[in-house]
Amino acid sequence: MPKPEEEPRFRLLGVVPQEVQQRDRQEPDDGVFTWPHLLIRHVAVAAGTIAVVFVLAILFNAPLKDIANPNQTPEVAKAPWYFAGLQELLSHFTPMVAGVLIPGAALLWLVALPYIDRGKGWRVRDRKYVVVVFTVIAVTALVLTVIGTFFRGPAWSWVWPWQHMYAEP
Amino acid sequence: MGSNGRKVRGAGWYRSILHPGEVYRNSEVYRSVVRHPKPDTPRGRAMTSFQNFFLHIYPVKVPREIIRTRTTLRLGFIAAVLYGILFISGTYLMFFYRPTVPDAYFDMHTLSTSVAFGQFVRNVHRWSAHLMVVIVILHLLRVFYSGAYRPPRQFNWVIGVGLLVLTLLMSFTGYLLPWDQLAYWAITVGTNIAGYVPLFGTHSRNLMLGGTEVGSAALLRFYVLHIYFIPALITVILSIHIWRVRKDGFAVSDRRPEPEDEPVKEMADAEA
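Quantities reported herein were computed from a predicted structural model and do not represent experimental measurements.

(A) Spotlight on the overall build of chain A. When helices and strands are tallied, chain A shows five helices and one strand. Taking all 169 residues of chain A together, 30% fall into the buried category. Of all intrachain contacts in chain A linking residues separated by at least 6 positions in sequence, the fraction that spans at least 24 positions is 47%.

Right under this line is the structure:
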């Protein structure tokens, strides 16, 4: 039995979960000041963005055709370009498949992606499965959108863009 | 820099000729508006971030990788800038536009012929809207391929997908407003796609259009959604999105190799 003075004494001050300690360590302490380093870049990018938009606005006028007329179907009726891929898909499959199942599944997969990805790291080689699926979805969407926007004419027939451009901004 | 300020104030009238700005910067009015010291010292820079409402959205310090353009390509920021441009140009357009049939179309005509900068502001609004859709999609691609959606940012990715959908809806509802042939038939085709959804299809389409066809009810609904409801939603959700980006320390801090942690991780993997 050691004497009371020699006995090591402890007091529990608190219990910290391990995760919290890791979070603290991740805080970058060699960061750079937002003012001016990030801010000056953001101001430059904002100015560049505004400049690009202004140049586009000076060069190209927004379209304005005849007044809307429900009784006069135009030669080509296209959805806005970001839905032209869907329209193209609809010309290949039944509405149930092309309008609901395929885009619905793609959107659901996209939303659930972070929880589907069980890879070990953030690098592409650590998560090959999701990268392949995502790339297939992205390329398919791009190809369909380009076809629907630039390669389709009256009655959704195939028209080469150099024959006649039916794309409308 | 407070002491420096006092020194300048007592240094004599000739300094105000060499540094005309100092007089204003040391005035009571200026100091009451801008309360932080000059941002040329670490303390001054930190105080600038703390005390400026608009800079408060930024942390005082950011990971140094963020400074390089190739880390994020600044796509999220560009999308936010475009959103700002759309907000301002859209406000101007609203002064000259009535969402009724057939006024809408004639207002568009008046806008392009007899309103100062009308055509230009409309062009700005249209091209930045298209650009915003493109940039938001590119932002999604960048975040995916750099793996920035991985823990702890899973839910911010979900919020981001929601913002993409809202951006598309924003653009789509705006597409109808000129009420010309292009707008009318694009929306007719677009809403037909929504009509294919089983059970809810025709209902959701009719709810969107306020009838069975694109008409005056649809124009008013799209207008209200376009200028009030969706922007309000985007503003709130975008704030959460940016707030979480900041709280999670930007997507670079957890990519750095942590020498002390690596062996532990490998051991854990070997055991598993």
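(B) Representation of the overall build of chain B in the model. Along the backbone of chain B there are 14 helices and one strand. Counting every position in chain B, which comprises 272 residues, the buried fraction comes to 46%. When contacts within chain B are restricted to residue pairs at least 6 apart in sequence, those whose partners lie at least 24 apart make up 62%. When the accessible surface of chain B is totalled, it reaches about 14700 Å², and 68% of it is carbon and sulfur.

(C) A look at the nonpolar core. Membership of the largest hydrophobic core comes to 64 residues, with the highest contact counts inside it found for B:Phe144, B:Trp157, B:Leu176, B:Trp179 and B:Val214. The element that contributes the greatest number of residues to this core is helix α10 (residues 154-176) of chain B, accounting for 12 residues. Excluding anything up to four places from it in sequence, B:Phe144 contacts A:Leu113, A:Arg127, A:Val130, A:Val131, A:Phe134, B:Tyr149 and B:Trp157. Among the nonpolar cores identified, the runner-up in size contains 10 residues, and A:Leu38, A:Leu39, B:Ile66 and B:Phe250 belong to it.

(D) Just a nonpolar patch on the surface, in detail. Residues and elements named next belong to chain B. Together, Met 94, Leu 220, Val 224, Ile 227, Tyr 228, Phe 229 and Leu 233 give the surface a local cluster of nonpolar side chains, amounting to about 600 Å² of exposed area. It is helix α13 (residues 216-247) that contributes the most residues to the nonpolar patch, six residues altogether. The topology assignment puts Val 224 in helix α13.

(E) Highlighting the packing of helix α2 (residues 34-59) of chain A against helix α5 (residues 42-51) of chain B. Contact geometry of α2(A) with α5(B) gives a least axis separation of 9 Å together with a crossing angle of 60 degrees. Here α2(A) is positioned oblique relative to α5(B), judged by the angle of their axes. Contacts between α2(A) and α5(B) pair A:Thr34, A:Trp35, A:Pro36 and A:His37 from the former with B:Arg45, B:Thr48 and B:Ser49 from the latter. When grouped by side-chain class, the residues that make up the contact of α2(A) with α5(B) number two nonpolar, four polar and one charged.

(F) Structural view of the interface of chain B and chain A. Between chain B and chain A, the residue contacts involve 80 residues of the former and 74 residues of the latter. Taking both partners together, chain B and chain A bury about 7400 Å²; carbon and sulfur atoms supply 71% of that area. Three residues, B:Trp127, B:Arg150 and B:Gln181, lead the burial of chain B against chain A; their summed loss comes to 9% of the area buried on that side. Our count for the contact surface shared by chain B and chain A stands at one salt bridge.

(G) Fine view of unusual backbone geometry. In this structure, A:Pro36 follows A:Trp35 across a cis peptide bond, with omega equal to 10 degrees. By the element assignment, A:Pro36 lies in helix α2. Residue B:Pro152 is reached from B:Pro151 by a cis peptide bond, and omega for that bond is 5 degrees. With respect to the helices and strands, the residue B:Pro152 is situated in the loop between α9 (118-145) and α10. At B:Phe117, a position not held by glycine, the phi torsion is positive, near 60 degrees. When you line up the elements, B:Phe117 lands in the loop between α8 (103-114) and α9. Assessed through its relative accessible area of 63%, B:Phe117 is described here as exposed.

(H) Highlighting the layout of surface pockets. Of the voids in this model, the second largest pocket is the one considered here, and its volume is about 1400 Å³. Taken together, 48 residues line the second largest pocket, and the ones lying closest to its centre are B:Gly76, B:Phe77, B:Ala80, B:Ile242 and B:Val245. Elements that contribute at least two residues to the lining of the second largest pocket include exactly α2 of chain A together with α6 (69-72), α7 (75-94), α9, α10 and α13 of chain B.

Cut-off values and rules
Residues numbered from 1 in each chain as written. Chains lettered and ligands numbered in written order. Predicted model: local features only at pLDDT ≥ 70, side-chain atom pairs only at ≥ 80, totals over all residues. Heavy atoms only, no water. Helix = DSSP H or I, 4+ residues; strand = E, 2+ residues; numbered from the N terminus. Buried < 20%, exposed > 50% of the residue type's maximum accessible area, 1.4 Å probe, protein only. Contact = heavy atoms within 4.5 Å. Areas by Shrake-Rupley, 256 points an atom, 1.4 Å probe, with all protein chains shown as cover. Core = buried A, V, L, I, M, F, W, Y, C linked by side-chain atoms within 4.5 Å. Patch = residues over 30% accessible without salt bridge, like charges linked within 9 Å, V, L, I, M, F, W, Y side chains within 5 Å. Salt bridge = Lys/Arg side-chain N within 4 Å of Asp/Glu carboxyl O. Axes fitted to C-alpha atoms, helices over the stretch in contact; angles between N-to-C directions. Parallel < 35°, antiparallel > 145°, perpendicular 65-115°, else oblique. Nonpolar A, V, L, I, M, F, W, Y, C, P; charged D, E, K, R; others polar. Buried area = accessible area lost by both parts, 1.4 Å probe. 1 Å grid on protein atoms, 1.4 Å probe; cavity = no way out; pocket = protein on both sides within 12 Å on 5 of 7 lines; lining within 4 Å. Points joined across faces, edges and corners; volume = space filled by probe spheres on them.

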